[in-house]
Amino acid sequence: MFSPRLIYIFLMLILLNACAHPGFNQYPLSKGYPNYRILPQEISNLSHTNPELIRHRIIGFSQEEKLPIYVIEVGSGERNILLIGQHHGDEVLGTALTMHLSRRLVQRKKEERVAKLLDEYTLWIIPSINPDAWQMVVDGAARIKRKNNRDTDANGKLDVRTDGVDLNRNYPIFWDLDQETNVLSPFYKGTAPASEAEVQAVISFGRKVDFELAIFYHSSATGSLNEKIFLPAVQNRDERFERLEEIADFYAKQLPRDYFKGSYTLHRGLSSKVGNARNFFYHGLETDAMLVEIGGINKDGRSIIHPPDKILRKILKRQEKAFINLLEYLLR
Ligand SMILES: [Zn+2]
């Protein structure tokens with residue numbers, strides 16, 4: 001039989017495990033998160049030290065502040081995959097993840113399995129298409145800043161809480177079906193399809209490269225969508241869509257939840273018929289596309305989109321592992 005001492009140790013271990021990751025949002029953000037101001041330097045350092053593996057370019061500029069939108073090209077393979085780390089300014093986990101992947105894949109280039117992937121694929125990594133809002137969030141000016149900085153109520157100044165276009169509602173496929181015309185809404189779709197410079201940049205870049213897969217990282221401030229993968233809206237589940245479901249389901253299972261046991265899940269219900277990036281890539285460019293909500297939900301049911309550094313590092317490590325597994329899965 002177990003001694004009382006052993007049982008005590010066992011109970012303490014369970015308790016410690018339960019308390020290990022209380023999960024809270026930090027704000028202002030620590031230096032553990034990428035910062036738009038040092039991004040260009042970081043990207044060019046990466047390219048200069050690994051010219052055979054990394055290149056970078058500017059694909060366009062933001063609507064209001066005219067800040068450059070960067071893409072980092074990692075690897076030298078013929079299969080192209082697009083990763084966009086951020087559409088919404090406060091969803092900084094995706095910028096952290098995409099920068100982390102850029103660095104780590106190069107650091108690990110000598111490992112046989114990573115070398116093979118860098119030989120098979122070229123990853124096109126855009127840390128953020130919304131630098132205007134991202135910068136405000138990183139600077140501590142606004143904890144929540146989803147949309148870009150367009151003066152949508154035309155009062156001549158930026159109203160941080162209400163101004164802007166939701167860049168993930170501004171793509172041209174299904175744009176006309178979206179009812180969100182209130183300029184103050186967090187989901188405002190803009191005055192016309194692809195009215196925003198950020199979205200125009202992604203569209204023309206998307207047309208230049210033949211992507212087989214595009215992944216868009218988000219994190220939901222309300223928590224209702226977190227730790228799920230969402231696919232494009234389709235009329236029928238045909239063969240192509242079923243294959244995409246398999247890929248997304250595999251990826252979801254590789255992604256452990258942040259504060260609970262178990263893994264991410266693939267959302268199999270209806271998907272919104274609005275002008276979002278995944279609908280545009282899937283229907284407009286014939287690129288398989290998915291949205292991954294990488295914020296976690298803590299034990300109190302609260303959404304953690306700005307986790308403290310220690311948890312952030314752990315999340316990035318797990319995401320890195322899952323992403324590498326996904327790339328290998330696609331080679332099968
Ligand atoms: Zn988002």
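Residues numbered from 1 in each chain as written. Predicted model: local features only at pLDDT ≥ 70, side-chain atom pairs only at ≥ 80, totals over all residues. Heavy atoms only, no water.

**Remarks on the pairing of strand β5 (residues 211–218)**
Reasoning step 1: For β5, the buried fraction is high: 7 of the 8 residues fall into the buried class.
Reasoning step 2: Pairing of strand β3 (residues 79–84) with β5, which is carried by 5 bridges, proceeds in the parallel orientation. Bridging across to β5, I84 finds its partner in F216.
Reasoning step 3: As paired strands, β5 and strand β8 (residues 288–293) are joined by 6 bridges and run parallel to one another. From the neighbouring strand, A214 faces β8, where its bridge partner is A289. (Buried < 20%, exposed > 50% of the residue type's maximum accessible area, 1.4 Å probe, protein only. Helix = DSSP H or I, 4+ residues; strand = E, 2+ residues; numbered from the N terminus. Pairing = 2+ DSSP bridges.)

**Remarks on the packing of aromatic side chains**
Reasoning step 1: With the rule as written, the count across this model stands at 9 aromatic pairs.
Reasoning step 2: Ring geometry for F216 versus F281: centroids 5.5 Å apart, planes at 55 degrees, classification tilted. With a gap of 65 residues between them, F216 in strand β5 and F281 in helix α8 (residues 277–284) connect regions that are remote in the sequence. Taken individually, F216 and F281 each receive the classification buried, so the pair is uniform in this respect.
Reasoning step 3: When the centroid spacing of 6.1 Å and the interplanar angle of 85 degrees are considered together, the rings of F241 and Y282 count as edge-to-face. Of this pair, F241 sits in helix α7 (residues 239–254) while Y282 sits in helix α8; the two residues are 41 residues apart in sequence, bridging distant segments of the chain.
Reasoning step 4: Judged by its relative accessible area of 6%, F241 is buried.
Reasoning step 5: Of the residues examined, Y282 reaches a relative accessible area of 3% and is grouped as buried.
Reasoning step 6: For the cation-ring pair, K189 lies above W175, with the distance from its terminal atom to the ring centre recorded as 3.8 Å. (Phe/Tyr/Trp six-rings, centres within 6.5 Å; stacked < 30°, edge-to-face > 60°. Lys NZ or Arg CZ within 6 Å of the ring centre and 35° of its normal.)

**Focus on the coordination of the zinc ion**
Reasoning step 1: Within the first shell, the zinc ion binds the protein through H88 (ND1), E91 (OE), E91 (OE) and H218 (ND1), at distances of 2.0 to 2.5 Å.
Reasoning step 2: Here the zinc ion is ringed by 4 donor atoms whose angles at the metal span 56 to 155 degrees, and the overall shape comes out irregular.
Reasoning step 3: Between consecutive donors of the zinc ion, the numbers of intervening residues give the motif H-x2-E-x126-H. Taken individually, H88 and E91 each receive the classification buried, so the pair is uniform in this respect. (Donors = N, O, S within 2.8 Å, 3.2 Å for Na, K, Ca; no water. Tetrahedral: all angles 85-135°; square planar, octahedral: opposite > 155°, others 65-115°.)

**Focus: helix α5 (residues 131–138)**
Reasoning step 1: Of all 8 residues in α5, 8 are buried, a share of seventy percent or more.
Reasoning step 2: Taken residue by residue, α5 has P131, D132, A133, W134, Q135, M136, V137 and V138 as its buried positions.
Reasoning step 3: Buried residues in α5 make contact with α2 (39–49), β2 (68–74) and α3 (93–107).
Reasoning step 4: Once α5 finishes, G140 follows within two positions and takes phi at roughly 85 degrees, a positive value. (Contact = heavy atoms within 4.5 Å.)

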